[in-house]
Amino acid sequence: MKTVNVQWPRQWTIKWKKLRLPPLLMGALVLLLVGCAPRYQPGTSPSGTNSPAGSSSAKTMYNGIDGAMRAAVESLLASEPLQTAPVTLVQPIQNSSGDYFPTPRYSTQLQAGLIESGRITLVPEARVQAVRASLGLATNQVLVDPATIVQYGRMLGAQYQLSGKITGQAPYQLSLQLMDLQSGVIAWQDVERFVSR
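Here goes a summary of the coordinates provided. (Residues numbered from 1 in each chain as written. Predicted model: local features only at pLDDT ≥ 70, side-chain atom pairs only at ≥ 80, totals over all residues. Heavy atoms only, no water.)

## A few points about the environment of T148
For T148, the location among the structural elements is in helix α6 (residues 146-156). What makes T148 partly exposed here is its relative accessible area of 28%. C-alpha of T148 to C-alpha of G184: the two residues are 36 residues apart in sequence and 9.9 Å apart in space. (Helix = DSSP H or I, 4+ residues; strand = E, 2+ residues; numbered from the N terminus. Buried < 20%, exposed > 50% of the residue type's maximum accessible area, 1.4 Å probe, protein only.)

This is how it looks when you write it as structure tokens:
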């Protein structure tokens with residue numbers, strides 16, 4: 001193998017010698033370049049999606065829905081909207097995965113855990129049923145239109161609506177979303193991935 005000896009042209013060497021940057025300026029330049037480099041936390045994907053309120057993205061694969069639910073609820077409890085115990089309408093978790101999950105049980109556990117934590121004030125069930133009846137909604141009918149959801153929430157006197165959904169197929173995704181019912185804006189959301197045991 002033949003080695004090649006590369007030499008700088010003489011005029012380049014002279015120009016670099018004339019350009020003497022103070023060590024402090026050179027150090028600042030290096031820090032600036034290093035500070036602009038992208039950083040990713042271990043276990044996260046650079047292509048991960050972030051929520052509007054900066055909650056965690058789908059970064060960890062959980063073994064079973066329980067771990068995914070626990071991670072999503074921890075993120076929810078740490079979210080800014082729940083720091084003032086707002087009046088919140090908690091919708092049942094929907095299952096769009098095509099596989100069986102005991103969503104009524106998880107919905108009940110989620111609601112009970114949030115009440116016990118003192119982070120939400122729940123809309124009374126009697127008021128929910130009265131408003132649903134006045135709007136002609138069936139007991140388990142799910143609202144999907146944001147304008148209708150906002151109207152429904154205002155009639156209930158709720159500030160937020162928490163909804164959840166299971167989608168995908170091995171791996172599955174558990175999504176929780178907190179909607180501000182005054183503006184219709186998503187105030188917080190989280191997506192956790194899991195495989196069924």
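## Some remarks on the packing of aromatic side chains
What describes a pair of aromatic rings is the distance from one ring centre to the other and the angle between the planes of the rings. What the rule picks out here adds up to three aromatic pairs. Judged by centre distance (5.6 Å) and plane angle (80°), the ring pair of F101 and F194 falls under edge-to-face. Here F101, found in the loop between β3 (94-95) and α4 (103-117), pairs with F194, found in strand β7 (residues 186-195); they are 93 residues apart in sequence, far enough to count as distant. An identical accessibility class is assigned to F101 and F194; each is buried. Each ring, one from Y172 and one from F194, has its centre 5.4 Å from the other, and the planes form 25°; the classification is stacked. Of this pair, Y172 sits in strand β6 (residues 172-180) while F194 sits in strand β7; the two residues are 22 residues apart in sequence, bridging distant segments of the chain. Each member of the pair, Y172 as well as F194, carries the same accessibility label: buried. (Phe/Tyr/Trp six-rings, centres within 6.5 Å; stacked < 30°, edge-to-face > 60°.)

## Here's the deal with the nonpolar core
Core analysis: the biggest nonpolar cluster contains 24 residues, and L162, I166 and F194 have the highest contact counts within it. At the level of secondary structure, the elements contributing two or more residues to this core comprise α3 (65-77), α4, β5 (160-168), β6 and β7. Examining the composition of this core, we find that six residues originate from one element, α3, more than from any other. The residues touching I166, leaving out its near neighbours within four places in the chain, are I65, I93, Q94, N95, S96, S97, F101, T103, Y172, Q173, L174 and F194. Counting residues in each nonpolar core, the second largest holds 14 residues, with L143, Y152, L156 and A158 among its members. (Core = buried A, V, L, I, M, F, W, Y, C linked by side-chain atoms within 4.5 Å. Contact = heavy atoms within 4.5 Å.)

Function-wise, these values are silent; they only describe arrangement.
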